[in-house]
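Examining the three-dimensional arrangement
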Amino acid sequence: MEMEKVVIIGSGPAGLTAALYTGRAGLNPVVIAGPQFGGQVSLTHEIENYPGFPGGSGTDLIETMREQAERFGARIDMDVALSVDLTNGSPFRVKTGNREYLAEALIVTSGASPRLLNVPGEKELTGRGVSYCGTCDGFFFRGKKIVVVGGGDSAIKEALFLTRFATHIDVIHRRDSLRAEAALAERAFANDKITFVWNTVVESIQGADKVNSVVLRDVVTGETREHPTEGVFIFIGHEPNNAILSEQLKMDPLGYVLTDKHMQTSIEGVFAAGEIQDPLWKQVATSVGQGCAAALAAEEWLSQRERVSAPTSTSAAV
Ligand code: NAP
């Protein structure tokens, strides 16, 4: 097992930016890609708000980031980090399915995953009409009526995308106004394939081997009703992917890793960037900035350690 200068867990915008910067600093970083190369961005059909990238798919953006990082020496390991051991400080141990890394500095960019509704039928019917990714599954709902659950940017963006396939989409939202940004909301309000079902939650998802309805509850009147549908797309936010950290790093009550302004976590030499430590903004642009900051801080931290451990000219002469 060779000692690596920097290991980066995660290959989304934060991870690949950290790889680019540590690569350019000559640190020859290893990126452990995780279960989905590129993270959530690679499942986004269109990115319109990342400066310098006026439009295109998330996969296009991620591939460009990957090529740029690899050009400067980043090595991508298409594996999943299964555990990390931070208990004795640097070097840190990271186990994947195939090997173990020893890392002088670690940058955690493991991102976040879609939040579940946690209602009866959801787990059983996932992949059988229940989905968390329009880009992945939209095609299967050509000519069908579906529902989208949520009122944030993700729900509205995905609902707009899904109008390419579905004949009609009911957006089920638990309040009477959207959280999504105005520009997206206006596009959805103007789209005659989309109807909003306000003040309503999904109580259960019904179907034997595929979805055929949802049970909805009006949170104002308390009334419930069965609503026929063939697809349920759920976009109600995200949970940080912190399982492998197993509470070794300090986290906020929602499980996001706490960092200082240098992206340093509660353990010296371990940095975090992107959605694993950002419950608030979660944009490609903010993740890129955080990945850059984490890389610069890691590089600075490694240099300081080398300066401290290097023999002085006097002691070297003795
Ligand atoms: P979000 O902004 O947290 O919105 C989640 C939505 O789901 C909210 O409308 C929320 O309702 C609803 N919700 C949460 N838990 C629920 C539950 N248990 N049952 C029913 N509804 C529930 O999450 P997001 O839309 O995934 O966005 C996450 C971040 O990514 C945001 O910062 C967003 O701006 C960003 N993003 C940006 C873009 C873009 O193109 N600019 C695209 C996607 C995501 P309430 O409104 O009542 O809380």
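Only a predicted model underlies this, so the values are computations on that prediction, with no experimental measurement involved. Residue positions are given per chain, counted from 1 along the sequence in the order it is written. Given that the model is predicted, a residue must reach a pLDDT of at least 70 before its local features are reported, and side-chain atom pairs must reach 80 or more before they are shown or counted; all residues, however, enter totals for whole chains, interfaces and linings. No hydrogens and no water enter the side-chain calculation; it runs on all heavy atoms of the structure.

When DSSP locates at least two bridges between a pair of strands, those strands are taken to pair. Strands are runs of DSSP state E lasting at least 2 residues, helices are runs of H or I lasting at least 4, and numbering of each runs from the N terminus. Here five strands make up an open sheet; going across it, the order is 8-15-9-10-11 and the pairing parallel. Unpaired on one side and paired on the other, strand 8 (130-131) and strand 11 (194-197) mark the two borders of the sheet. Taken together, the four bridges between strand 9 (residues 145-149) and strand 15 (residues 231-234) define a ladder with parallel strand orientation. Its bridge partner being in strand 15, valine 147 is matched across the sheet by valine 232.

Okay, the domain arrangement of the protein next. By the assigned domains, the protein splits into domain 1 (3-113 + 238-309) and domain 2 (116-234). Centre-to-centre separation of domain 1 and domain 2, based on C-alpha positions: 32 Å. Every residue pair with non-hydrogen atoms within 4.5 Å of one another is taken to be in contact. The interface of domain 1 with domain 2 comprises six residues on the first partner and eight residues on the second. Simply put, the buried area is the total loss of 1.4 Å probe accessible area from both parts when two parts are fitted together. Here domain 1 and domain 2 share an interface that buries about 640 Å² over both sides, 49% of which is from carbon and sulfur atoms. When the area that domain 1 buries against domain 2 is broken down by residue, the three leading residues are Leu43, His45 and Glu48, summing to 71%. Salt bridge, as used here, is a side-chain nitrogen of Lys or Arg placed within 4 Å of a carboxyl oxygen of Asp or Glu. At the junction of domain 1 with domain 2, the criterion picks out one salt bridge. A salt bridge links glutamate 48 to arginine 187, with the nearest nitrogen and oxygen atoms 3.7 Å apart. Pairs of N or O atoms are called polar contacts if they sit within 3.5 Å, as long as, within protein, a hydrogen donor faces a hydrogen acceptor (for residues adjacent in sequence, only side-chain-to-side-chain pairs). For the pair domain 1 and domain 2, the number of links is two residue pairs in polar contact (both at pLDDT 80 or more). When its residues are assigned to classes, the side of domain 1 that touches domain 2 shows one nonpolar, three polar and two charged. Note that domain bounds follow an automatic or database assignment of domains. Lys, Arg, Asp and Glu make up the charged group, whereas Ala, Val, Leu, Ile, Met, Phe, Trp, Tyr, Cys and Pro make up the nonpolar group; the residues left over, Gly among them, are polar.

Of the strand pairs in this sheet, strand 12 (residues 200-206) and strand 13 (residues 213-218) are connected by six bridges, and their pairing is antiparallel. In the strand pairing of strand 13, isoleucine 205 is matched with valine 214. Hairpin connection between strand 12 and strand 13: a loop of six residues separates the two successive antiparallel strands, and glycine 207 in this loop has a positive phi of roughly 150 degrees. Relative to strand 14 (residues 224-228), strand 13 runs antiparallel, the two being bridged by five bridges. Note that in strand 14 the partner of arginine 217 across the bridge is threonine 224. Between the end of strand 13 and the start of strand 14, which pair antiparallel, lie five residues, with glycine 222 showing a positive phi angle near 85 degrees.

Mapping threonine 59 onto the fold places it in helix 2 (residues 58-71). Residues threonine 59 and valine 41 lie 18 residues apart in sequence; the distance between their C-alpha atoms is 7.1 Å.

With that out of the way, let us pick up the side chain of asparagine 191. Positionally, asparagine 191 belongs in the loop between helix 5 (182-189) and strand 11. Given the relative accessible area of 19%, asparagine 191 is considered buried. Excluding residues within four positions of it along the chain, asparagine 191 makes contact with Leu160 and Thr163. Think of it in three bands: with a 1.4 Å probe and only protein chains considered, a residue is buried below 20% of the maximum accessible area for its type, exposed above 50%, and partly exposed in between.

Another point: the site of the ligand. In this text, near means that some heavy atom of the residue lies within 4 Å of the molecule or strand in question. Lining the immediate surroundings of the ligand are 20 residues, of which Asp153, Ser154, Arg174, Arg175 and Arg179 lie closest. Glycine 152 is positioned with one of its backbone polar atoms (N or O) 3.3 Å from an oxygen atom of the ligand. Here arginine 179 contributes a side-chain N or O atom positioned 2.7 Å from an oxygen atom of the ligand. Using the Shrake-Rupley algorithm and a 1.4 Å probe, accessible areas are obtained, with residue cover drawn only from the displayed protein chains. Surface burial for the ligand is 80%, taken as the share of its 910 Å² of free accessible area covered by protein chains. Counting residues per element, the shell around the ligand draws most heavily on helix 4 (residues 153-162), at three residues. Taken together, the residues of the shell around the ligand sort by class into five nonpolar, nine polar and six charged. When we break the shell around the ligand down by domain, the ones giving at least three residues each are domain 1 (3-113 + 238-309) and domain 2 (116-234).

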